[in-house]
Amino acid sequence: MVIAMTGFHPLQIIVVKMNKPFISLCPEITRAHALKLMDWLEDERVTCYLSDSRHVSRSIGQAIDRTQLPILTHLFNRGGRFFMAYDRHDAPVGFVRLIKTGSHCEIVLVIGDSDKWGRNLGARTIREGMKLAFLDMRAEKLIAKIHPDNARSLKAFLRSGFLLESETPTLKSLSMTAGRYRQFLREGAVNDSTRIYITEIDKARLESLIALEQGPAVVELEHELERAVVVKPQQVACNVVTMNSRALLQLDDEEIEVALVYPEDADSNAGKHSVDSEIGAAILGYQEGDAINWRISDRTRRIEIRKVLYQPEAAGDFHL
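The structure reproduced in this document is the subject of the present report. None of the values given here were measured: they were computed from a predicted structure.

1. Structural notes on the sheet that holds strand S10 (residues 246-251)
Stage number 1. Overall, mixed pairing links the five strands, which are arranged S12-S11-S10-S14-S13 in an open sheet. Only two strands of the sheet have a single neighbouring strand rather than two, namely strand S12 (272-274) and strand S13 (291-296). Taking the axes of each pair of neighbouring strands and ignoring which way they run, one obtains an average angle of 45° across the sheet.
Stage number 2. Here six bridges tie S10 to strand S14 (residues 299-310), and the two strands are oriented antiparallel to one another. When the bridges of S14 are listed, Ala247 appears paired with Val308.

Here's what the structure looks like:
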(Lines give C-alpha, C1' and ligand atoms only; values in the text may rest on other atoms or scores of the structure.)
Protein backbone atom coordinates (compact mmCIF):
# COMPACT_ATOMS: atom_id res chain seq x y z
CA MET A 1 0.00 0.00 0.00
CA VAL A 2 1.23 3.45 -0.84
CA ILE A 3 0.16 4.92 2.49
CA ALA A 4 -0.29 2.82 5.60
CA MET A 5 -0.29 5.13 8.57
CA THR A 6 -0.92 3.62 11.95
CA GLY A 7 -0.33 4.72 15.48
CA PHE A 8 0.07 8.42 16.08
CA HIS A 9 -2.48 10.84 14.76
CA PRO A 10 -1.06 13.64 12.59
CA LEU A 11 -3.77 16.31 12.72
CA GLN A 12 -2.25 19.79 12.82
CA ILE A 13 -4.70 22.61 13.47
CA ILE A 14 -5.17 25.74 15.49
CA VAL A 15 -8.83 26.04 16.41
CA VAL A 16 -10.28 29.48 15.89
CA LYS A 17 -13.80 30.65 15.22
CA MET A 18 -14.74 31.01 11.58
CA ASN A 19 -18.01 31.23 9.78
CA LYS A 20 -18.86 27.67 8.77
CA PRO A 21 -15.61 26.26 7.36
CA PHE A 22 -16.18 23.93 4.44
CA ILE A 23 -14.44 20.66 3.54
CA SER A 24 -15.29 18.02 0.98
CA LEU A 25 -13.63 14.60 0.74
CA CYS A 26 -12.97 13.20 -2.73
CA PRO A 27 -11.68 9.69 -3.52
CA GLU A 28 -9.97 10.34 -6.86
CA ILE A 29 -6.19 10.68 -6.47
CA THR A 30 -4.08 12.08 -9.32
CA ARG A 31 -0.33 12.31 -9.85
CA ALA A 32 -0.55 15.97 -8.90
CA HIS A 33 -2.16 14.97 -5.61
CA ALA A 34 0.60 12.42 -4.97
CA LEU A 35 3.26 15.06 -5.50
CA LYS A 36 1.40 17.42 -3.17
CA LEU A 37 1.27 14.69 -0.53
CA MET A 38 5.03 14.20 -0.81
CA ASP A 39 5.55 17.93 -0.20
CA TRP A 40 3.34 17.85 2.90
CA LEU A 41 5.04 14.76 4.29
CA GLU A 42 8.46 16.38 3.99
CA ASP A 43 7.34 19.19 6.33
CA GLU A 44 8.37 18.31 9.88
CA ARG A 45 5.54 20.42 11.28
CA VAL A 46 3.07 18.15 9.50
CA THR A 47 4.78 14.85 10.30
CA CYS A 48 5.97 15.41 13.87
CA TYR A 49 3.25 13.09 15.24
CA LEU A 50 3.35 10.53 12.45
CA SER A 51 4.95 7.23 13.40
CA ASP A 52 6.08 6.25 9.89
CA SER A 53 6.27 9.50 7.92
CA ARG A 54 9.79 8.83 6.58
CA HIS A 55 8.60 5.73 4.77
CA VAL A 56 5.37 7.25 3.47
CA SER A 57 6.87 9.88 1.18
CA ARG A 58 9.32 7.32 -0.22
CA SER A 59 6.53 4.83 -0.96
CA ILE A 60 4.51 7.51 -2.76
CA GLY A 61 7.53 8.33 -4.92
CA GLN A 62 8.01 4.66 -5.75
CA ALA A 63 4.34 4.38 -6.77
CA ILE A 64 4.70 7.36 -9.10
CA ASP A 65 7.81 5.83 -10.66
CA ARG A 66 6.10 2.47 -11.22
CA THR A 67 3.19 3.83 -13.22
CA GLN A 68 2.56 6.56 -15.75
CA LEU A 69 -1.17 6.59 -15.09
CA PRO A 70 -2.63 10.06 -14.43
CA ILE A 71 -5.04 8.56 -11.87
CA LEU A 72 -3.54 6.65 -8.94
CA THR A 73 -6.72 6.11 -6.93
CA HIS A 74 -6.47 2.31 -6.91
CA LEU A 75 -2.98 2.43 -5.38
CA PHE A 76 -4.05 4.66 -2.53
CA ASN A 77 -7.13 2.60 -1.70
CA ARG A 78 -5.39 -0.71 -1.04
CA GLY A 79 -6.06 -1.77 2.53
CA GLY A 80 -8.39 1.15 3.21
CA ARG A 81 -10.12 4.15 1.67
CA PHE A 82 -8.20 7.34 0.93
CA PHE A 83 -9.66 10.79 0.33
CA MET A 84 -8.20 14.17 -0.55
CA ALA A 85 -9.68 17.02 1.50
CA TYR A 86 -10.63 20.16 -0.41
CA ASP A 87 -11.63 23.57 0.94
CA ARG A 88 -14.43 25.73 -0.43
CA HIS A 89 -12.12 26.97 -3.20
CA ASP A 90 -11.42 23.38 -4.37
CA ALA A 91 -7.83 23.59 -3.17
CA PRO A 92 -6.39 20.40 -1.61
CA VAL A 93 -5.58 21.04 2.04
CA GLY A 94 -5.09 17.55 3.47
CA PHE A 95 -6.23 13.96 3.39
CA VAL A 96 -8.21 11.33 5.28
CA ARG A 97 -7.61 7.61 5.40
CA LEU A 98 -10.26 5.20 6.73
CA ILE A 99 -9.15 1.64 7.55
CA LYS A 100 -12.03 -0.72 8.33
CA THR A 101 -11.43 -3.94 10.24
CA GLY A 102 -14.59 -5.88 10.95
CA SER A 103 -17.15 -3.50 12.39
CA HIS A 104 -14.53 -0.97 13.53
CA CYS A 105 -12.83 1.74 11.47
CA GLU A 106 -9.71 3.80 12.15
CA ILE A 107 -9.41 7.38 10.93
CA VAL A 108 -6.07 8.98 10.03
CA LEU A 109 -6.29 12.66 9.19
CA VAL A 110 -3.76 15.27 8.07
CA ILE A 111 -4.21 18.95 7.31
CA GLY A 112 -1.06 19.24 5.23
CA ASP A 113 -1.31 22.81 3.95
CA SER A 114 0.24 24.79 6.79
CA ASP A 115 -1.02 28.05 5.26
CA LYS A 116 -4.57 26.84 6.03
CA TRP A 117 -3.95 26.01 9.70
CA GLY A 118 -6.01 28.03 12.15
CA ARG A 119 -9.19 27.94 10.06
CA ASN A 120 -10.96 25.08 11.86
CA LEU A 121 -10.59 22.84 8.82
CA GLY A 122 -9.43 19.92 10.94
CA ALA A 123 -12.66 19.75 12.93
CA ARG A 124 -14.70 20.00 9.75
CA THR A 125 -12.66 17.24 8.14
CA ILE A 126 -13.33 15.00 11.15
CA ARG A 127 -17.07 15.48 10.59
CA GLU A 128 -16.79 14.57 6.93
CA GLY A 129 -14.77 11.50 7.88
CA MET A 130 -17.44 10.42 10.37
CA LYS A 131 -20.10 10.79 7.70
CA LEU A 132 -18.28 8.39 5.38
CA ALA A 133 -17.33 5.92 8.10
CA PHE A 134 -20.82 5.58 9.56
CA LEU A 135 -23.18 6.26 6.65
CA ASP A 136 -21.19 4.84 3.73
CA MET A 137 -18.86 2.21 5.22
CA ARG A 138 -21.41 1.31 7.94
CA ALA A 139 -18.82 1.11 10.72
CA GLU A 140 -20.13 0.56 14.22
CA LYS A 141 -17.20 2.36 15.85
CA LEU A 142 -14.68 4.93 14.60
CA ILE A 143 -11.29 5.12 16.34
CA ALA A 144 -8.64 7.85 16.32
CA LYS A 145 -5.16 7.05 17.70
CA ILE A 146 -3.42 10.22 18.82
CA HIS A 147 -0.08 11.05 20.42
CA PRO A 148 -0.63 12.53 23.92
CA ASP A 149 1.38 15.64 23.02
CA ASN A 150 -0.81 16.40 20.00
CA ALA A 151 -3.09 18.70 21.98
CA ARG A 152 -4.77 20.31 19.00
CA SER A 153 -5.78 17.00 17.51
CA LEU A 154 -7.06 15.73 20.87
CA LYS A 155 -9.11 18.88 21.34
CA ALA A 156 -10.63 18.68 17.85
CA PHE A 157 -11.73 15.07 18.27
CA LEU A 158 -13.09 15.58 21.77
CA ARG A 159 -15.07 18.62 20.59
CA SER A 160 -16.46 16.46 17.78
CA GLY A 161 -17.90 14.04 20.33
CA PHE A 162 -15.18 11.40 20.57
CA LEU A 163 -14.55 9.79 23.98
CA LEU A 164 -11.27 8.59 25.46
CA GLU A 165 -11.27 4.78 25.25
CA SER A 166 -7.75 3.87 26.36
CA GLU A 167 -4.34 5.43 26.81
CA THR A 168 -0.67 4.62 27.22
CA PRO A 169 2.31 6.96 27.69
CA THR A 170 2.68 7.11 23.91
CA LEU A 171 -0.87 6.83 22.59
CA LYS A 172 -4.42 7.89 23.33
CA SER A 173 -7.26 6.00 21.65
CA LEU A 174 -10.49 7.97 21.16
CA SER A 175 -13.70 6.56 19.75
CA MET A 176 -17.15 7.43 18.44
CA THR A 177 -19.93 4.86 18.03
CA ALA A 178 -22.51 4.87 15.23
CA GLY A 179 -25.35 5.28 17.74
CA ARG A 180 -23.68 8.21 19.45
CA TYR A 181 -22.95 9.82 16.08
CA ARG A 182 -26.57 9.60 14.95
CA GLN A 183 -27.75 10.97 18.29
CA PHE A 184 -25.36 13.91 17.97
CA LEU A 185 -26.60 14.58 14.43
CA ARG A 186 -30.20 14.73 15.63
CA GLU A 187 -29.22 17.08 18.44
CA GLY A 188 -27.12 19.26 16.14
CA ALA A 189 -24.07 18.63 18.33
CA VAL A 190 -21.59 17.66 15.57
CA ASN A 191 -22.81 19.86 12.75
CA ASP A 192 -22.30 23.56 12.18
CA SER A 193 -24.67 23.82 9.22
CA THR A 194 -27.99 25.63 9.09
CA ARG A 195 -30.78 23.48 10.50
CA ILE A 196 -33.18 22.02 7.95
CA TYR A 197 -36.83 20.94 8.22
CA ILE A 198 -38.48 17.81 6.81
CA THR A 199 -42.07 16.66 7.14
CA GLU A 200 -42.94 13.32 8.73
CA ILE A 201 -44.37 12.07 5.43
CA ASP A 202 -41.31 13.04 3.41
CA LYS A 203 -38.93 11.47 5.93
CA ALA A 204 -40.77 8.15 5.99
CA ARG A 205 -40.73 7.84 2.21
CA LEU A 206 -37.12 9.01 1.91
CA GLU A 207 -35.93 6.48 4.49
CA SER A 208 -37.47 3.75 2.33
CA LEU A 209 -35.68 5.20 -0.70
CA ILE A 210 -32.30 5.24 1.07
CA ALA A 211 -32.63 1.56 1.92
CA LEU A 212 -32.73 0.76 -1.82
CA GLU A 213 -30.27 3.27 -3.31
CA GLN A 214 -26.49 3.75 -3.16
CA GLY A 215 -23.96 6.40 -4.05
CA PRO A 216 -22.37 9.59 -2.66
CA ALA A 217 -25.57 11.65 -3.02
CA VAL A 218 -27.51 9.01 -1.05
CA VAL A 219 -24.95 9.25 1.76
CA GLU A 220 -25.46 13.01 1.82
CA LEU A 221 -29.24 12.54 1.78
CA GLU A 222 -29.12 10.14 4.73
CA HIS A 223 -26.94 12.61 6.62
CA GLU A 224 -29.43 15.39 5.97
CA LEU A 225 -32.36 13.23 7.12
CA GLU A 226 -30.56 12.33 10.35
CA ARG A 227 -29.91 15.95 11.29
CA ALA A 228 -33.23 17.41 10.12
CA VAL A 229 -35.91 18.80 12.39
CA VAL A 230 -38.99 16.65 11.66
CA VAL A 231 -42.36 18.44 11.64
CA LYS A 232 -45.95 17.63 10.71
CA PRO A 233 -46.87 18.66 7.14
CA GLN A 234 -49.25 21.37 8.35
CA GLN A 235 -46.52 22.82 10.58
CA VAL A 236 -43.76 23.29 8.01
CA ALA A 237 -43.11 26.92 7.06
CA CYS A 238 -44.28 27.86 3.57
CA ASN A 239 -40.78 29.01 2.53
CA VAL A 240 -39.10 25.61 3.16
CA VAL A 241 -38.13 23.34 0.26
CA THR A 242 -40.06 20.09 0.76
CA MET A 243 -40.55 17.19 -1.64
CA ASN A 244 -42.34 18.23 -4.87
CA SER A 245 -41.56 21.89 -4.22
CA ARG A 246 -40.40 24.28 -6.92
CA ALA A 247 -37.72 26.81 -6.02
CA LEU A 248 -35.66 29.56 -7.57
CA LEU A 249 -31.96 28.98 -6.86
CA GLN A 250 -28.81 31.01 -7.30
CA LEU A 251 -26.15 28.50 -8.35
CA ASP A 252 -22.92 30.52 -8.23
CA ASP A 253 -23.66 33.27 -10.78
CA GLU A 254 -26.54 31.46 -12.46
CA GLU A 255 -30.21 31.69 -11.52
CA ILE A 256 -32.15 28.47 -12.11
CA GLU A 257 -35.62 27.13 -11.34
CA VAL A 258 -35.79 23.56 -10.06
CA ALA A 259 -38.40 21.10 -8.85
CA LEU A 260 -37.41 18.63 -6.11
CA VAL A 261 -38.90 15.23 -6.99
CA TYR A 262 -38.61 11.51 -6.29
CA PRO A 263 -36.32 9.48 -8.59
CA GLU A 264 -39.15 8.12 -10.74
CA ASP A 265 -40.24 11.67 -11.66
CA ALA A 266 -36.76 13.08 -12.36
CA ASP A 267 -36.03 14.88 -15.62
CA SER A 268 -33.04 17.20 -15.28
CA ASN A 269 -33.63 18.66 -18.76
CA ALA A 270 -37.02 19.86 -17.50
CA GLY A 271 -35.54 21.13 -14.23
CA LYS A 272 -36.89 18.19 -12.20
CA HIS A 273 -34.07 17.06 -9.92
CA SER A 274 -34.24 13.83 -7.96
CA VAL A 275 -33.77 14.07 -4.23
CA ASP A 276 -30.94 11.54 -4.55
CA SER A 277 -29.07 13.76 -7.02
CA GLU A 278 -26.40 16.25 -5.98
CA ILE A 279 -28.64 19.32 -6.29
CA GLY A 280 -31.67 17.53 -4.88
CA ALA A 281 -29.92 16.32 -1.73
CA ALA A 282 -28.40 19.78 -1.31
CA ILE A 283 -31.59 21.85 -1.18
CA LEU A 284 -33.97 19.56 0.75
CA GLY A 285 -35.19 21.21 3.94
CA TYR A 286 -33.60 24.61 3.45
CA GLN A 287 -35.63 27.79 3.34
CA GLU A 288 -35.61 31.08 1.48
CA GLY A 289 -32.45 33.06 2.17
CA ASP A 290 -30.33 30.05 3.12
CA ALA A 291 -27.01 29.68 1.30
CA ILE A 292 -24.78 26.61 1.37
CA ASN A 293 -21.61 25.25 -0.20
CA TRP A 294 -22.08 21.87 -1.88
CA ARG A 295 -19.89 19.76 -4.13
CA ILE A 296 -21.56 19.25 -7.52
CA SER A 297 -19.91 17.64 -10.55
CA ASP A 298 -16.50 17.52 -8.83
CA ARG A 299 -16.39 21.15 -7.80
CA THR A 300 -17.76 23.22 -4.95
CA ARG A 301 -20.76 25.36 -5.79
CA ARG A 302 -22.56 28.01 -3.77
CA ILE A 303 -26.30 27.48 -3.67
CA GLU A 304 -28.74 30.09 -2.39
CA ILE A 305 -32.48 29.47 -2.01
CA ARG A 306 -33.83 32.64 -3.57
CA LYS A 307 -37.54 31.81 -3.42
CA VAL A 308 -39.86 28.85 -2.90
CA LEU A 309 -42.28 29.16 -5.82
CA TYR A 310 -44.53 26.27 -4.88
CA GLN A 311 -44.78 23.98 -1.87
CA PRO A 312 -47.40 21.19 -1.72
CA GLU A 313 -47.88 21.56 2.05
CA ALA A 314 -48.65 25.25 1.68
CA ALA A 315 -51.15 24.31 -1.04
CA GLY A 316 -52.80 21.82 1.32
CA ASP A 317 -51.58 18.67 -0.45
CA PHE A 318 -50.19 16.37 2.26
CA HIS A 319 -50.46 13.13 0.29
CA LEU A 320 -47.55 10.99 -0.85
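2. Topic: the packing of aromatic side chains
Stage number 1. For the structure shown, the criterion picks out four aromatic pairs.
Stage number 2. With centroids separated by 5.1 Å and ring planes inclined at 20°, the aromatic side chains of Phe82 and Phe95 adopt a geometry described as stacked. Taken together, the positions of Phe82 in strand S2 (residues 81-86) and Phe95 in strand S3 (residues 92-101) put the pair 13 residues apart, joining distant regions of the chain. Like Phe82, the residue Phe95 is buried in the burial classification.
Stage number 3. Taken together, a centroid distance of 4.9 Å and an interplanar angle of 90° make the contact between Phe157 and Phe162 edge-to-face.
Stage number 4. Judged by relative accessible area, which is 0%, Phe157 ranks as buried.
Stage number 5. On the accessibility criterion, Phe162 (1% relative accessible area) is buried.
Stage number 6. Put simply, the rings of Phe76, Phe82 and Phe95 pair up and form one aromatic cluster.
Stage number 7. The residue whose ring lies beneath Arg205 is Tyr262, and the NZ or CZ to ring-centre distance is 3.7 Å.

What counts, and at which threshold
Residues numbered from 1 in each chain as written. Predicted model: local features only at pLDDT ≥ 70, side-chain atom pairs only at ≥ 80, totals over all residues. Heavy atoms only, no water. Pairing = 2+ DSSP bridges. Helix = DSSP H or I, 4+ residues; strand = E, 2+ residues; numbered from the N terminus. Axes fitted to C-alpha atoms, helices over the stretch in contact; angles between N-to-C directions. Phe/Tyr/Trp six-rings, centres within 6.5 Å; stacked < 30°, edge-to-face > 60°. Buried < 20%, exposed > 50% of the residue type's maximum accessible area, 1.4 Å probe, protein only. Lys NZ or Arg CZ within 6 Å of the ring centre and 35° of its normal.

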